[in-house]
Amino acid sequence: MAAQITDEDREFLGKFEACNIPFAQWTHRAHVRVAYLYLLQHPFDDALSRIRAGIQRYNAANKVPESSTSGYNETTTHAFLHLVAAVMRAYGVTFPCPTADSFCETHPQLMTRHALRFFYSSERRTHPLAKTQFIAPDLAPLPKI
């Protein structure tokens, strides 16, 4: 899925990988931008490995505490990356997006961190195993990629 990314997107991704995005700017939208950029350049499993390692490194650099409600969550990361990949596949030709920001603007359905509530109950998302391994949704299956 190799694609060209803009200089602005390359700079943003470099800041993420170097843990140089100010913490106040590490928003849900920033997560989606990183997901989009990794999926443009890598197959799903490679993109997942990269975003997982990057978020964990970023969290450590910013001293984000690991608790049941804070820190890295494998299920959230995996499921949201899956949603981004599904949207890219379903709408990439119809709504081409030359930048990560334009992807975010074109797909506002992904701009809420609550989108996973369509697929997961609160109990499932907060299950202790969800932090360290992917747990499949219990309300509805994730869309096909």
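For the structure given in this document, a descriptive report is provided here. (Residues numbered from 1 in each chain as written. Predicted model: local features only at pLDDT ≥ 70, side-chain atom pairs only at ≥ 80, totals over all residues. Heavy atoms only, no water.)

1. Focus on the packing of aromatic side chains
So, point 1. Considering all chains together, one arrives at seven aromatic pairs under this definition.
So, point 2. Relative to Tyr58, the ring of Trp26 lies with its centre 5.1 Å away and its plane at 45°, an arrangement referred to as tilted. A residue pair is termed long-range when its members are at least 10 positions apart, and Trp26 in the loop between α1 (7–17) and α2 (28–41) and Tyr58 in helix α3 (residues 44–61) qualify at 32 residues.
So, point 3. Look at Trp26 and you get buried, because its relative accessible area is 9%.
So, point 4. Tyr58 gets classed as buried once you look at its relative accessible area, which sits at 0%.
So, point 5. Here the aromatic rings of Tyr91 and Phe95 are separated by 6.1 Å at their centres, their planes lie at 35°, and the arrangement is tilted. (Phe/Tyr/Trp six-rings, centres within 6.5 Å; stacked < 30°, edge-to-face > 60°. Helix = DSSP H or I, 4+ residues; strand = E, 2+ residues; numbered from the N terminus. Buried < 20%, exposed > 50% of the residue type's maximum accessible area, 1.4 Å probe, protein only.)

2. A word on the nonpolar core
So, point 1. With 41 residues, the main nonpolar core has Phe16, Tyr36, Val84 and Phe103 as its most contacted residues.
So, point 2. It is α2 that contributes the most residues to this core, nine residues altogether. (Core = buried A, V, L, I, M, F, W, Y, C linked by side-chain atoms within 4.5 Å.)

3. A look at the pattern of salt bridges
So, point 1. Scanning all chains against the criterion turns up eight salt bridges.
So, point 2. Taking the shortest distance from any N to any O, the salt bridge between Arg10 and Asp7 comes out at 4.0 Å. Taken together, the residues span about one helical turn, with Arg10 and Asp7 both in helix α1 at a distance of three residues.
So, point 3. The class for Asp7 is exposed, based on a relative accessible area of 62%. (Salt bridge = Lys/Arg side-chain N within 4 Å of Asp/Glu carboxyl O.)

4. With respect to unusual backbone geometry
So, point 1. Here the phi dihedral of Cys19 falls at roughly 60°; this positive angle occurs in a residue that is not glycine.
So, point 2. Summarising the element assignment, Cys19 is placed in the loop between α1 and α2.
So, point 3. Exposure remark for Cys19: the relative accessible area of 17% places this residue in the buried category.
So, point 4. Residue Lys63 is not a glycine yet carries a positive backbone phi of 55°.
So, point 5. The residue Lys63 is located in the loop between α3 and α4 (74–91) in this model.

5. Notes on the layout of surface pockets
So, point 1. In this structure, the largest pocket occupies an estimated 960 Å³ of space.
So, point 2. Gly71, Asn73, Thr76, Arg113 and Arg125 are the residues nearest the centre of the largest pocket, which is lined by 33 residues in total.
So, point 3. Elements that contribute at least two residues to the lining of the largest pocket include exactly α2, α3, α4 and α6 (122–125).
So, point 4. In terms of residue count, α4 provides more of the lining of the largest pocket than any other element does, five residues in total.
So, point 5. Taken together, the residues of the lining of the largest pocket break down into 13 nonpolar, 16 polar and four charged. (1 Å grid on protein atoms, 1.4 Å probe; cavity = no way out; pocket = protein on both sides within 12 Å on 5 of 7 lines; lining within 4 Å. Points joined across faces, edges and corners; volume = space filled by probe spheres on them. Nonpolar A, V, L, I, M, F, W, Y, C, P; charged D, E, K, R; others polar.)

6. Concerning the state of the cysteines
So, point 1. Counted under the stated rule, the structure contains zero disulfides.
So, point 2. Counting only cysteine sulfurs, Cys104 is the nearest neighbor of Cys97, a cysteine outside any disulfide, at a range of 8.9 Å.
So, point 3. Judged by its relative accessible area of 14%, Cys97 is buried.
So, point 4. Using a relative accessible area of 2% as the deciding quantity, one classes Cys104 as buried. (Disulfide = S-S within 2.5 Å.)

Without other data, these values stay purely geometric and don't point to any function.
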